[in-house]
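The residues making up each chain are set out below.
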Amino acid sequence: MPTKILNWGLLSTAQINRDLIPPIRDSERNELVGVASRDLERARAYAKKWDIPRAYGSYEALLADPEIDVVYISLPNSLHTEWTIQSAQSGKHVLCEKPLALSTKEVDAIRTAVERSGVVVAEAFMYRHHPQTQQVKLLVDEGQIGKLQLIRGSFTFQLENEGDIRLVSKLGGGSIWDVGCYPISYANFLVGEQPESVFGWQICNQDGVDLQFVGQFRYPQGVLAQFDSGFLTPERAQMEIVGNQGSLFIPNPFKPGWSNLIRLTRDGETKEISVPGEELYSGEVEDMADAVLFGRTPRISLDDSRGNVATIQALLESASLGKPVHLN
């Protein structure tokens, strides 16, 4: 059994880091040792606040540290590909916040860097590692709702800060990249492949960033899916999976906790299935350790990430053209 402890470095001081710091510190196989910012004083202040041993005044400095094994990238969406590739080229394993990239071309570039360097790169969709998600997948695969026919999902909240980076086009903003990617990835995960065709509608701000997105898609086996995402309506997060014999409703699919309920309806009766949980972000940390230390494929593979990005890319194209788009 490998006894190596993986040393982690944070690439940026983004707010989401606070969700990953506790599970890294709680893990017996991982240790947080550094944080990088483009401003050394900011890095030092952040390191002091979170009791992180090392602070770097540039991302390059962190990547040059031979004692850093894994990098967590929480930069704006538009910088994910660039720094994932640079991290891989520096011999660092990478856990990159979703979305991993903003085009399939970028995902392919990441794959090339991974193949050349031999490191592990995984996209940080934390909900995919949670026991609730695994239980839903099991129920569907076991035929508890019969043959899968329809998947519907929503993820919205009201974004009131007009200066938020999620509203800036050049930074990869938009509701579909920020929250719409969750129900899209959930549907692709359950079906096991990307759609064959999609249609999308959007409401955009002056910068061309979607504030609200509604999409639907069809899979090769005839399964249909619908989703909506947005920054204009109150907080909503849910998934419904419908088969020819029943349905599943997941009231908290993307941020499940320690105690969770799934509702299974079949033969006119609804029962609640209790699913014990775990700390939300611990799964992706331990999955990275499994991949690095044991050579296992990450739960979210580059093929998974490419399928999700291809779906979003096609939906955005459809919304722009006003007609369906077919995926290869």
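Refer to the structure printed above.
Calculation notes
Residues numbered from 1 in each chain as written. Predicted model: local features only at pLDDT ≥ 70, side-chain atom pairs only at ≥ 80, totals over all residues. Heavy atoms only, no water. Pairing = 2+ DSSP bridges. Helix = DSSP H or I, 4+ residues; strand = E, 2+ residues; numbered from the N terminus. Axes fitted to C-alpha atoms, helices over the stretch in contact; angles between N-to-C directions. Contact = heavy atoms within 4.5 Å. Core = buried A, V, L, I, M, F, W, Y, C linked by side-chain atoms within 4.5 Å. Buried < 20%, exposed > 50% of the residue type's maximum accessible area, 1.4 Å probe, protein only. Expected span 1.5 Å × (residues − 1). Bend = angle between axes of the 7 residues up to and from the residue. Phe/Tyr/Trp six-rings, centres within 6.5 Å; stacked < 30°, edge-to-face > 60°. Lys NZ or Arg CZ within 6 Å of the ring centre and 35° of its normal. Parallel < 35°, antiparallel > 145°, perpendicular 65-115°, else oblique. Left-handed = near helix turned anticlockwise from the far one by under 90°.

Caption draft 1: Just the sheet that holds strand 1 (residues 6–11), in detail. In spatial order, the strands read 3-2-1-4-5-6; together these six strands make up an open sheet with parallel pairing. Looking at the sheet topology across the chains shown, the edges are occupied by strand 3 (54–56) and strand 6 (121–124). Each neighbouring strand pair of the sheet contributes to a mean axis angle of 25°, computed without reference to strand direction. By the bridge criterion, three bridges tie strand 2 (residues 30–36) to strand 3 in an arrangement that is parallel. Counterpart to Val35 in the pairing with strand 3 is Ala55. Where helix 1 (residues 17–26) meets the sheet, its contacts fall on strand 1, strand 2, strand 4 (70–73) and strand 5 (93–97), and the angle it forms with strand 2 comes to roughly 145°. Sheet strands touched by helix 4 (residues 80–89): strand 1, strand 4, strand 5 and strand 6. Its angle to strand 5, the strand with the most contacts, is close to 170°.

Caption draft 2: Structural detail: the nonpolar core. If you look at the biggest cluster of nonpolar residues, it comprises 101 residues, and the most contacted ones within it are Trp8, Leu11, Ile151, Phe217, Ile241 and Leu248. Among the elements that take part in this core, helix 7 (residues 175–191) stands out by supplying eleven residues, more than any other. Ignoring anything within four residues of it in the chain, the contact list for Ile151 reads Ala187, Leu190, Val191, Val223, Leu224, Ala225, Gln226, Met239, Glu240 and Ile241.

Caption draft 3: Seen up close, the pairing of strand 6. Of the strand pairs in this sheet, strand 5 and strand 6 are connected by four bridges, and their pairing is parallel. Looking at strand 6, one finds that Leu95 is bridged to Ala122.

Caption draft 4: Representation of helix 7. The end-to-end C-alpha distance of helix 7 is 23 Å, a good match for the 24 Å that 17 residues give at a rise of 1.5 Å each. Helix geometry: helix 7 is bent most strongly at Cys181, by close to 50°, with proline Pro183 lying one to four residues after it.

Caption draft 5: Broad picture of the packing of aromatic side chains. Under the criterion given, the structure shown has 16 aromatic pairs. With a centroid separation of 5.5 Å and 50° between ring planes, the pair formed by Tyr182 and Phe254 is classed as tilted. Of this pair, Tyr182 sits in helix 7 while Phe254 sits in the loop between strand 12 (246–250) and strand 13 (259–266), and the two are 72 residues apart along the sequence. As far as burial versus exposure is concerned, Tyr182 and Phe254 are alike and both buried. Both rings, one in Tyr186 and one in Phe254, keep their centres 6.2 Å apart while their planes meet at 75°; by these two values the pair is edge-to-face. Pair noted here: Tyr186 is in helix 7 and Phe254 is in the loop between strand 12 and strand 13, with a separation of 68 residues, a long-range link. You can call Tyr186 buried: its relative accessible area is 0%. Among the residues examined, Phe254 registers a relative accessible area of 1% and is labelled buried. The lysine or arginine in question, Lys137, covers the ring of Phe189, its NZ or CZ lying 5.3 Å from the ring centre. Here the basic side chain of Arg296 rests over the ring of Phe294, its NZ or CZ set 4.9 Å away from the ring centre.

Caption draft 6: Examining the sheet that holds strand 10 (residues 224–230) more closely. Taking strand neighbours across the sheet as the criterion, the nine strands line up as 14-13-12-11-7-10-9-8-15 in an open arrangement whose pairing is mixed. At either margin of the open sheet sits one strand with a lone partner, and together these are strand 14 (269–276) and strand 15 (325–326). Pairing of strand 7 (residues 148–156) with strand 10 involves seven bridges; the strand directions are parallel. Bridging across to strand 10, Gly153 finds its partner in Phe227.

Caption draft 7: Looking closely at the packing of helix 6 (residues 131–141) against helix 7. The contact between helix 6 and helix 7 brings their axes to 10 Å, and the two run at 40°. Comparing the axis directions of helix 6 and helix 7 gives the class oblique. Between helix 6 and helix 7 the crossing geometry is right-handed. Of the residues in helix 7, those touching helix 6 at Thr133, Gln134, Val136, Lys137 and Val140 are Tyr186, Phe189 and Leu190.

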